[in-house]
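Take a look at the letters that make up each chain.
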Amino acid sequence: MSPYPIKLYHRWGNFILWGIVVDIGIIYASCNKCQRRTNIHGNIMTFVVINSFLAALAYCYLKPYNYQYDNYSKLNEYKQFHLVIGTAMMLIMITLSLFGYFVKYQLGNSEGNKNIIYYKKIHSVLGQITYLIGKVESFIGMFMSYRTEEWFTFIWITYMVVIICRITFEWIIPILKSTKIDIISEDQQKLITYESLSENLSNQQWFIFQNQVYCLDQNFIHPGGQIIWKHIKNIEISQYFYGISQLPGTNILHYHSKYAQEQFNGHYYGTLCNQIPFPINQNTRWELKNSCKITETVSNFQFQHPEIEFEINLNKITPNHFVFKSITDKKVPTRLYTYIQCMQKPAVEYMQSLSDLYDKKENIRFTNNFKSASLSFFIKYYDTPHGFSKYITKQNPEMIDLKGPYQTVFKDYLKEGQIILICGGTGILPFLDLLNYHLLMCYNELIKDQNLLKVQSMNRYITLFYSVKAEEELLGDSIFLKLRELQNHLKKQNFTLILRCRKQIEKCETTKNRFTREFIEKQYKYDTKQIFVCGPHILRNSIEKEFRDMENEIIYL
């Protein structure tokens, strides 16, 4: 066989593969993380590796003697470098390809692998190193074959065109591209119940995002690996989608781009009815009226809408949240904050009147108006660059984009049995409406007054595990401390407070014990129970480890 076709195949094959084709594979992987394009990336890279390997074998067939030491030492420095690097690169390519298929297997593994995020990073770093070496190798190979200024210019022009294409597809187009998210109008909405989901979609991958249910095909592979589905299946995902909370038991914390929601398109299944009614308005801009400090780090922010007046219903206790977004600064991330009905001004005034009535104070005035035009949120300050809490505290913007309320938990609280609440710091906020309802139950037993809001009595026992660093950090203490105070006056006690604090608190006794499984199980009083957890990552991960065998029974907020 003539050596000339083999030389051409070796030179031009490697130049086309590493000068052009490999960039097409990277563009496919970078521009869209969906399964289809990830597979295209893998197929392109496999094609590159196989043909590069064949080109290398062709060279070995043509000049096997160059691998002998005596002949190798006679080669010029360019050929020596090209030969050594080319051989090393072949070994790296094979290793990288095998590792790539390993990563792909782990991505699709139904059991999931919490280390997949590191595997992907290793694969990406090794891929970039191999990419740079391949570029240099193909350039040196062509330069040694065609040592003219025209060919040198041709090679550089090819490389520059490829680089410009990569910059265009990976940077410029994503910046200019507008998202195409399916907006479900009221007419298109299919109202469903949470209970029907477990019956109709028992074998499907479904999740809830802003009250809407999305059902995915079983073969849909999440770019972060199937371990994601393992943790977010059948729950509300907003806190994970916006990178606010780590997935329980993992170190996965990822803020999704504006294009990630495009993957929901075509997978809409239905809309869950929110238990808390709230006026719908297309204008989502709320004016920040004022703020006041509650603790050293937590402030109460009050917002007002020119067209919205809402009603507070203390009988509705399901945790809800609003989505907060900056209007003026795009660098500030989207955040979620709990909507607490019992902390709105009319409700606070009413509950204070009940407390005064129980304490037999005089001149008590009850409010009959549970409507409000002002929306209050507790927001904790974190000194993080471009953080939302820092933005709203320091810059004091006039307007904020507020969307909601969206239900955080769709599983109803037990009406009979024990509810165990484990929380730390601001993690108590989603449970305040539940605790406030429990307080109303106690007042209904102890007080007879026409102004008393009637609530359904339930055989429900609540155990609150609450952890704070100092007394100044207590939130909602007017509710749970009053609950604790009333216990000795009830026919049957229905509440226990276990407060963990580094320092002793005057208002009640505290413990320094960690919330271990053994410590928590000592407070079990009923066979039927629910466990809810909300708080910082350390607390959530600690509980997840302690109750690993009950991970499907514990609800994380």
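For the structure, see preceding data.
Residues numbered from 1 in each chain as written. Predicted model: local features only at pLDDT ≥ 70, side-chain atom pairs only at ≥ 80, totals over all residues. Heavy atoms only, no water.

Asker: Tell me what's going on with the packing of aromatic side chains, and back it up with residues and numbers.
Answerer: In the structure shown here, the tally under the stated rule is 41 aromatic pairs. An aromatic cluster is built from F278, W286, F303, F310, F322, F324, Y337, Y339, F377, F388 and Y391, whose rings are joined through pairwise contacts. If you follow K135 out to its NZ or CZ, it ends over the ring of Y159, 4.9 Å from the centre. Positioned above the aromatic ring of Y524, the side-chain terminus of K529 is 4.5 Å from the ring centre. (Phe/Tyr/Trp six-rings, centres within 6.5 Å; stacked < 30°, edge-to-face > 60°. Lys NZ or Arg CZ within 6 Å of the ring centre and 35° of its normal.)

Asker: Talk me through the packing of helix 5 (residues 116-145) against helix 6 (residues 149-176); I want residue IDs and the actual numbers.
Answerer: Between helix 5 and helix 6, the shortest axis-to-axis distance is 10 Å and the interhelical angle comes to 155 degrees. Considered as vectors, helix 5 and helix 6 are oriented roughly antiparallel to each other. In the crossing of helix 5 with helix 6, the sense of the turn from one axis to the other is right-handed. Contacts from Y131, K135, S138, F139, M142 and F143 of helix 5 reach helix 6 at F152, I155, W156, Y159, V162 and R166. (Axes fitted to C-alpha atoms, helices over the stretch in contact; angles between N-to-C directions. Helix = DSSP H or I, 4+ residues; strand = E, 2+ residues; numbered from the N terminus. Parallel < 35°, antiparallel > 145°, perpendicular 65-115°, else oblique. Left-handed = near helix turned anticlockwise from the far one by under 90°. Contact = heavy atoms within 4.5 Å.)

Asker: Requested: an account of the environment of A88, with residues and values cited.
Answerer: Along the chain, the position of A88 falls in helix 4 (residues 77-108). Since its relative accessible area comes to 34%, A88 is described here as partly exposed. Note: C-alpha distance between A88 and N234 (146 residues apart in sequence) is 48 Å. (Buried < 20%, exposed > 50% of the residue type's maximum accessible area, 1.4 Å probe, protein only.)

Asker: I'd love a proper account of a nonpolar patch on the surface, names of residues and values included.
Answerer: Taken together, F152, W156, M160, I163, I164, I167, W171, I172, I175 and L176 make up a surface patch of nonpolar side chains, about 1100 Å² in accessible area. Considering the arrangement of structural elements, one finds W156 in helix 6. A relative accessible area of 41% places W156 in the partly exposed class. (Patch = residues over 30% accessible without salt bridge, like charges linked within 9 Å, V, L, I, M, F, W, Y side chains within 5 Å. Areas by Shrake-Rupley, 256 points an atom, 1.4 Å probe, with all protein chains shown as cover. Salt bridge = Lys/Arg side-chain N within 4 Å of Asp/Glu carboxyl O.)

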